Amino acid sequence: MFGVGKTSLVRRFVYDRFEDGYLSTIGVKVSQKLLPPIQTGEGKFGQFNFLLWDIEGFEENSPQLSNYLVGAAGALVVADLLRPETIASLPAIINRFRKAAPAGQVALAGNKIDLAKTSPETVGELERFAAESHLPFLLTSAKTGENVEKSFQVLARQIAQSGGR
Amino acid sequence: MSDAKRNHQDVDPLEQLKSILLTEDQSRVKELEQKIEELQTRLSRKEQLIATLEPVLGELLDRKIKHSKDEMAAALSPVMGAAIKRQIRDAKDDVVDALYPILGQMVARSVAEAMKKLVANINASLNRTFSFDLWKKRIQARALGVDAGEVILAGAAPFELQRLFLIAKESGLLMAYISNPPDQQSDSDAQVIGGMLTAIKSFVESAFAGGAKGTLEEIQHSDRAIRIDPGLHTYLAAVYAGIPPAGFDEMLKACHQEIHKRFHRRLREYQGDNSRLRGVEKPLHKLLKQVLKV
């Protein structure tokens, strides 16, 4: 999805080496982040080294998108809380991811919470969708940093509990 | 006493004498004062000063440059860089138009220089026609099944294998990395490069395949290249400079096959845990040594 704040979210969080220009040329930019150790279950701890593929918005049928998703351990799917239509397109995106990476885990992020605090309807909509699809979600702000690292921790925990990487 | 007589007595005779003797001088002084004032005005008013200097300025610079070239260069050089930059910024098209005719010549000259060096290197090799070195190269060429000239050419543009990346095919995760000479590249750098390389490879393969299944085998940039050997679960990327020796692709493939042979199960089940791949660098180091020998 375009303009939901994925790139800003990643930039808040990672080790960057490449220009964002790659996003508009080949549609993806890879960066890396080593998370501090987190608790992944009762008495269990793990450390995660994320190789993050920030994927630009694609046409639904683009073969490139699937190529980039193949082999992924998880996806943090980001919606823009100021644009309800981005929440409506979440199911299609998640389906696409699950087809390309059947073992991959999914967590949701509702971004731009710093601006969306005054529109509880969209927040409620995301909450409902997350509950129906049994997916963990967090409200994030790339601008203030709120819940950015936490949302990646949530995804890491999902991956650990599924027995993945 | 009459009035006329009194007046006559009032006029100081000395003053009278002065007036008779100095009238001419006084008028000259006045005239000079006027001229000085006029000059002062010319110098202090910008417009008038410019009007005065303009007719001679060109000639003045011309003469100054002729007589003291070094001095002028020293005075102007600090502002030249800034002036050129500004000119490029303000009148880019004019600058391009002006440079275009000479750029081709510059490039041609630079290529000619590089070729000259290459020819000189080859000649130096050929001049040792009967030297032990050339005989060694001829035997080497025969053993590799290539022309002796090819071996000499490879020697003139030395080959350097700089980095090897072993990367998980689907996820783009970096399984092993070595460099020659060992570099300061951080682990993060190598990992991100491995990921980006996978993304670029995937992009090229899907965007230009046109329905056909194929793999990206080489990326070239200036004098460096990345040769990619695709495997079942991984791909091996070699970054090098110069002309690769004959048989380099086979060496790369053999190294990759050895890795697959020794680690095939762990490669297939790889989930990102590099501690399970201990020893995978060994064949990579072996390849590096093998290439250095050639």
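Residues numbered from 1 in each chain as written. Chains lettered and ligands numbered in written order. Predicted model: local features only at pLDDT ≥ 70, side-chain atom pairs only at ≥ 80, totals over all residues. Heavy atoms only, no water.

**Things to note about the overall build of chain B**
Filter applied, for reference: For helices the rule is a DSSP run of H or I covering at least 4 residues; for strands it is a run of E covering at least 2, with both sets numbered from the N terminus onward. Throughout, exposure labels follow a simple rule: accessible area from a 1.4 Å probe, protein chains only, divided by the maximum for the residue type, with under 20% read as buried, over 50% as exposed, and the rest as partly exposed. Here, two residues are considered to be in contact whenever any of their heavy atoms come within 4.5 Å of each other. Values of accessible area rely on a 1.4 Å probe in the Shrake-Rupley scheme; residue burial ignores everything except the protein chains shown.
Regarding its fold elements, chain B presents ten helices and five strands. Looking at chain B as a whole, 27% of its 294 residues are labelled buried. For chain B, contacts bridging at least 24 residues in sequence account for 52% of all contacts bridging at least 6. Here chain B has roughly 21200 Å² of accessible surface; of this, 57% comes from carbon and sulfur atoms.

**Details of the packing of aromatic side chains**
Using the following cut-off: Note on ring pairs: Phe, Tyr and Trp rings are taken, using the six-membered ring of Trp, and paired if centres are within 6.5 Å. Classes follow the plane angle, with under 30 degrees stacked, over 60 edge-to-face and the rest tilted. We call a charge positioned above a ring when the Lys NZ or Arg CZ atom is no farther than 6 Å from the ring centre and deviates by at most 35 degrees from the ring normal.
All chains considered together, the criterion is met by seven aromatic pairs over all chains. With a centroid separation of 6.2 Å and an interplanar angle of 25°, the aromatic rings of A:F48 and A:F50 are classed as stacked. You can call A:F50 buried: its relative accessible area is 10%. Residues B:F159 and B:F248 carry aromatic rings whose centres are separated by 5.1 Å and whose planes lie at 65° to one another, so their mutual orientation is edge-to-face. In this pair, B:F159 is assigned in the loop between α7 (148-156) and β1 (160-168) and B:F248 in helix α9 (residues 248-268), connecting sequence segments 89 residues apart. Here B:F159 matches B:F248 in class, with each residue buried. Positioned above the aromatic ring of B:Y235 is the side chain of B:K201, whose terminal nitrogen or guanidinium carbon lies 4.8 Å from the ring centre.

**Points about the confidence of the model for chain A**
Definition in use: Every residue is assigned a pLDDT by the predictor, reflecting its confidence on a scale from 0 to 100.
Scored by pLDDT, chain A comes out at a mean of 84, with 87% of its residues at no less than 70. The least confident element of chain A, judged by mean pLDDT, is helix α2 (residues 21-25) of chain A at 67; the most confident is strand β6 (residues 105-111) of chain A at 94.

**A closer look at the interface of chain A and chain B**
Put simply, the rule reads: Values labelled buried area give the accessible surface lost by two parts on being combined, using a 1.4 Å probe and summing over both. Under this grouping Gly is polar, as are all residues other than the nonpolar Ala, Val, Leu, Ile, Met, Phe, Trp, Tyr, Cys and Pro and the charged Asp, Glu, Lys and Arg.
In this assembly, 21 residues from chain A lie in contact with 22 residues from chain B. Overall, the association of chain A and chain B removes approximately 1900 Å² of surface from exposure, summing both partners, and the carbon and sulfur fraction of that is 63%. For the side of chain A that touches chain B, the elements supplying multiple residues, two or more each, are α2, β1 (28-34), β4 (49-55) and α3 (63-69) of chain A. With five residues, the single largest contributor to the side of chain A that touches chain B is β1(A). Residues of the side of chain A that touches chain B, tallied by class, amount to ten nonpolar, eight polar and three charged.

**Comments concerning the environment of B:H233**
Residues and elements named next belong to chain B. In this structure, H233 sits in the loop between β4 (224-230) and β5 (234-241). On a C-alpha basis, the gap between H233 and R268 in space is 6.1 Å, while along the polypeptide they are 35 residues apart. Setting aside residues up to four positions removed in sequence, H233 forms contacts with I167, A168, K169, H260, H264, L267 and R268.

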